[in-house]
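Spelled out, the chains give:
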Amino acid sequence: MDVLSFGRRTVPLQNKANRLESRRLLNERMKEMALDLEFRRKWKKVTNVELWSDAAIFKFSDGTKLYLNIS
């Protein structure tokens, strides 16, 4: 299992797509999200991330999910 780092925090990353291209796209999208204050607040509650071919699913400690389009 891989990890996703953002700021000072890392969470487990499950790459369901098994594609390096998806991981590269996610890294680029995370760099863009660094300027989004609302996302940075939500990031503190993320427990793990599932990466698919065109989306990343952020799972939170309260059971909710955030779908982020990376394509």
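None of these values were measured; they are calculated from a predicted model.

Draft legend 1. Focus on the sheet that holds strand S1 (residues 2–6). In spatial order, the strands read S1-S2-S3-S4-S5; together these five strands make up an open sheet with mixed pairing. Strand pairing shows two members of the sheet lacking a second neighbour, S1 and strand S5 (65–69), which therefore form its edges. Going from strand to strand, the sheet's axes swing by 30° on average, the running direction of each strand aside. Pairing of strand S4 (residues 55–60) with S5 involves five bridges; the strand directions are antiparallel. Across the sheet, residue Ile57 finds its bridge partner in S5, namely Tyr67. The strands touched by helix H1 (residues 20–33) are S1, strand S2 (9–15), strand S3 (46–51), S4 and S5; relative to S1, the strand with the most contacts, the crossing angle is about 20°.

Draft legend 2. View of H1. With 14 residues, H1 extends 20 Å from end C-alpha to end C-alpha; this agrees with the ideal 20 Å at 1.5 Å per step. For H1, the complete set of buried residues consists of Ser22, Arg23, Leu25, Leu26, Met30 and Met33. The buried residues of H1 occupy an angular sector of 160° when projected down its axis, which confines them to one face. Turned more than 90 degrees away from the buried face of H1, the exposed residues are Leu20, Lys31 and Glu32. Taken together, the buried residues of H1 touch S1, S2, helix H2 (37–43), S3, S4 and S5.

Draft legend 3. Representation of the pairing of S1. In this structure, S1 lies alongside S2, joined through five bridges in antiparallel fashion. The residue bridging Asp2 from the neighbouring strand is Leu13, located in S2.

How each quantity is defined
Residues numbered from 1 in each chain as written. Predicted model: local features only at pLDDT ≥ 70, side-chain atom pairs only at ≥ 80, totals over all residues. Heavy atoms only, no water. Pairing = 2+ DSSP bridges. Helix = DSSP H or I, 4+ residues; strand = E, 2+ residues; numbered from the N terminus. Axes fitted to C-alpha atoms, helices over the stretch in contact; angles between N-to-C directions. Contact = heavy atoms within 4.5 Å. Expected span 1.5 Å × (residues − 1). Buried < 20%, exposed > 50% of the residue type's maximum accessible area, 1.4 Å probe, protein only. Arc of directions from axis to C-beta.

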